Amino acid sequence: MKVKREFFRNLKELPTEELLAPGSPMCAGCGGLITLRLVLKVLGPNVVVVNAAGCLTMLAAYPYSPLRASWLYTTMGSAPAGAQGVRDALDVLIARGRLPASEDLRVVVLAGDGSTLDIGLSSMSGAIHRGLDFHYICYDNEAFGNTGFQGSSSSPFGSRTATSPAGTTQHKKDLFALWLAHRPPYAATVSAADPVDLAEKVRRSMQFRGPKLFVGLATCPPGWGIDPAQGHHVGKLALDTGIWPLKEAVHGEVRHTYVPDHLKPVEDYLQTQARFHHLFSPQRHDDILATIQNEVIGYWNEVRHREFPQTLLGELSRADLR
Amino acid sequence: MLRVRFHGRGGHGVKTASRILGSAAFCTGLQVQDSPVYGAERRGAAIAAFTRIDKQVIQERGLVLDPDLILVADETLFTDPGAALLAGVEFASVVFINSARDRVLLATEYGIPCPVVTLDLSTLTTDVVGRGASFSATLGTAACALAGITDRSVVSQAVQKELESLHLTPELIAKNVNAASQVLDHLSAVSIRERPQGHTASPIHPPIHLLGPEGTPVIYAPGNSARRHTGSWRVFRPEIDLNACTRCGICFAECPDAAIHLNEKAFPVVDYDNCKGCLICETECPVHCISEQKEVRT
């Protein structure tokens, strides 16, 4: 089940203008890069990107940049603070008549999950709390990908990272819930595997003033251990197994923008990636697999209760997986 | 001291190759040091790694700018000035290139002043280990052979140990050990030129601190990365059969690099100068009108 869309109904309606040139140093098949490319298409050319250190800071490696927009590089912990400075500077210049209002820019923070949930958490929280008028784009590859895939607090339970060779024992932090606790006007989860849903959400967010927060699942061929050609396929499996829910919250009111009619078993997703191979070989870890599966079923049962109380969507169980 | 420098692209396994050489030398009782260049490494981007081997404790540090051996995993890197493959080549005794081409031709084409040794590791690795496998075991073994470490049990042990630390499956490790053994069949030790008395590594230059616009790199040309031509990263090229194409736009929407654009009739066109060959377009094309062709460069 998909929700009705106002701005983009199909792929053909996506803007054809490219605001991200080819030739960046990102890995072939980078899920973070495709997310950024789609986001920028909708936001348009008048943006300034404030980039926290991470994989995507390598976008602009002197003397080359793939961005047609302005770009500023900050430390891993301070991109939202940098965005505040840029926003304030623009506001001051416009107020004093030193910059025509027509040259105003949208301020966009671009940060990975390590910056967002670990190193830059307080800076991000502060900027949202102050009501900074900006977009926040978190590309979530579920680890510190740039430095060799060390675990972050976004690494999913059971996944292998450079710092958890036998699988993480912690559970992934819920960034969306963390954002909602700050009461932003707009927050959403997106995936490049559903470009129309992503574009629609970015476009919807542009009508709000204040923090507009996005987290996109960024498939990572080297870190996740997938063939670059499979990136989009793995991203779709994350949606169809229910592991990566697509949702948005407008002034705190949550709705899911894609509710799978039938969930696929999480194993369909996990088995595509080397970072989960140890759960299947040399022997199966049924306990860990059951924990991951039950967490997903529990999540969607809660969604059904909350968002679709009047429908015939009954309680999900393992027997409903297909 | 023997100083070895490896060049390749992210994913080729040059860092692990430098470690395999280091481990093998260590197992024969020598002092070793190995390190990769840390920074912008990416799958497909130029990467270097270094191994130093000596009978004494190694005090030298940093990049190897005066290599005895240079090993190149991908000859297309010669055309990338940033990769600096031939930095310090005047010290080198041999340059090894993973290539099926004639070694004299390669030396002429790339202006290599010292002897060139070649072996087609790409074909060997693909045949023995499988498509998409990294060259870490075969390249590392090539370095061992050239450096005179030819004891099969030592090399196998080094390959085994380094690949185990990367959590490869036992089957994959066995294939790599097999491929490494075949490299030893083809390569032998080279004689390393003596260094002049009192040779030391290049001195360390203290950094110069500049303030403001002088000290901060600034790029004024938006979107100029298209001039980097990342198409050289590609192993397989996507070919679109426009007769079968339905203009659905999926390949255009899903290309991470914006290397596919739509022409005036909304047909997709691949920018081969920049397509990195991820082949998401081939996987996702609903009518299967995109096929992959092995990239051939001359």
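Residues numbered from 1 in each chain as written. Chains lettered and ligands numbered in written order. Predicted model: local features only at pLDDT ≥ 70, side-chain atom pairs only at ≥ 80, totals over all residues. Heavy atoms only, no water.

Undergrad: Sorry, what's going on with the overall build of chain B here?
TA: The helix and strand inventory of chain B stands at nine helices and ten strands. When its C-alpha atoms are laid out on the principal axes, chain B stretches across 70 × 55 × 40 Å. For chain B, the proportion of its 298 residues judged to be buried stands at 47%. Of the contacts made within chain B by residues no fewer than 6 positions apart, 68% connect residues no fewer than 24 positions apart. Total accessible area on chain B is roughly 14,700 Å²; 55% of this is exposed by carbon and sulfur atoms. One finds the centroid of the 27 positive side-chain charges in chain B at a distance of 2 Å from the centroid of its 32 negative side-chain charges. (Helix = DSSP H or I, 4+ residues; strand = E, 2+ residues; numbered from the N terminus. Buried < 20%, exposed > 50% of the residue type's maximum accessible area, 1.4 Å probe, protein only. Contact = heavy atoms within 4.5 Å. Areas by Shrake-Rupley, 256 points an atom, 1.4 Å probe, with all protein chains shown as cover. Lys, Arg positive; Asp, Glu negative; His and termini not counted. Charge placed at Lys NZ, Arg CZ, Asp CG, Glu CD.)

Undergrad: Would you take a moment to explain the packing of aromatic side chains for this structure?
TA: Ring pairs (aromatic) are described by centroid distance and by the angle formed between their planes. Using the criterion set out here, one finds seven aromatic pairs over all chains in the structure. Ring centres of A:Phe134 and A:Tyr136 lie 6.2 Å apart, and the angle between their planes is 85°; this geometry places the pair in the edge-to-face category. Relative accessible area serves as the criterion here: at 1%, A:Phe134 is assigned to the buried category. Ring plane angle 20° and centroid distance 5.8 Å describe the contact between A:Tyr186 and A:Phe208, whose orientation is recorded as stacked. Within this pair, whereas A:Tyr186 is found in strand β5 (residues 186–191), its partner A:Phe208 is found in the loop between α6 (195–205) and β6 (211–217), the two being separated by 22 residues in sequence. Here A:Phe208 falls in the buried class, since its relative accessible area comes to 17%. Connected via pairs of aromatic rings, a cluster forms that spans A:Phe134, A:Tyr136 and A:Trp179. Sitting above the plane of the B:Phe252 ring, A:Arg37 keeps its charged end 5.2 Å from the centroid. (Phe/Tyr/Trp six-rings, centres within 6.5 Å; stacked < 30°, edge-to-face > 60°. Lys NZ or Arg CZ within 6 Å of the ring centre and 35° of its normal.)

Undergrad: Where do I start with the interface of chain B and chain A in this structure?
TA: Frequently, the measure chosen for interface size is the accessible area removed from exposure when the parts meet. Opposite the 36 residues of chain B that make contact, chain A presents 48 residues. For the chain B and chain A pair, buried surface summed over both sides reaches about 3,600 Å², with 57% attributable to carbon and sulfur atoms. Of all residues in chain B, the largest losses of buried area upon contact with chain A belong to B:Arg42, B:Arg43 and B:Glu254, amounting jointly to 19% of the total for that side. At the surface where chain B touches chain A, the tally comes to one salt bridge. Among the salt bridges present, the one from A:Lys236 reaches B:Glu284, with a minimum N-O distance of 2.9 Å. Linking chain B with chain A are 19 residue pairs in polar contact (both at pLDDT 80 or more), by the criterion used here. Element by element, the count of residues in the side of chain B that touches chain A is highest for helix α8 (residues 250–254) of chain B, at four residues. Class assignment of the residues belonging to the side of chain B that touches chain A gives a composition of 18 nonpolar, eight polar and ten charged. (Buried area = accessible area lost by both parts, 1.4 Å probe. Salt bridge = Lys/Arg side-chain N within 4 Å of Asp/Glu carboxyl O. Polar contact = N/O pair within 3.5 Å; in protein donor to acceptor, adjacent residues only side chain to side chain. Nonpolar A, V, L, I, M, F, W, Y, C, P; charged D, E, K, R; others polar.)

Undergrad: Please clarify how the state of the cysteines should be interpreted in this entry.
TA: Throughout this description, disulfide means a covalent bond between two cysteine sulfur atoms. Under the counting rule described, the total for this entry stands at zero disulfides over all chains. The cysteine B:Cys144 is free of any disulfide, with B:Cys27 supplying the nearest cysteine sulfur at 9.8 Å. (Disulfide = S-S within 2.5 Å.)

Undergrad: What's the story with the nonpolar core in this structure? I'm lost.
TA: In globular proteins that are soluble, nonpolar side chains generally tend to be buried together. Counting residues in each nonpolar core, the largest one holds 58 residues, and the members touching the most others are A:Phe134, A:Tyr136 and A:Trp179. Looking at this core, the element that brings in the most residues is helix α10 (residues 286–307) of chain A, giving six residues. When near neighbours in sequence (up to four residues on either side) are disregarded, A:Phe134 contacts A:Ala83, A:Val107, A:Val109, A:Ala127, A:Ile128, A:Gly210, A:Pro211, A:Lys212 and A:Leu213. In terms of nonpolar packing, the next biggest core, distinct from the first, is built from 44 residues, B:Leu139, B:Cys144, B:Leu163 and B:Ala180 among them. (Core = buried A, V, L, I, M, F, W, Y, C linked by side-chain atoms within 4.5 Å.)

Undergrad: What's the story with the sheet that holds strand β2 (residues 70–74) of chain A in this structure? I'm lost.
TA: Hydrogen bonds along the backbone pair up the strands of a sheet, which may run parallel or antiparallel. Residue and element names in this part refer to chain A. One open sheet holds the eight strands; their spatial order is β2-β1-β3-β4-β6-β5-β7-β8, and the pairing between them is mixed. The open sheet terminates on both sides in strands that have one partner only, identified here as β2 and β8 (253–258). For this sheet, the mean inter-axis angle between neighbouring strands, taken without regard to orientation, is 20°. Two elements, β5 and β6, share six bridges in a ladder whose sense is parallel. (Pairing = 2+ DSSP bridges. Axes fitted to C-alpha atoms, helices over the stretch in contact; angles between N-to-C directions.)

Coordinates in, geometry out; function isn't part of it.
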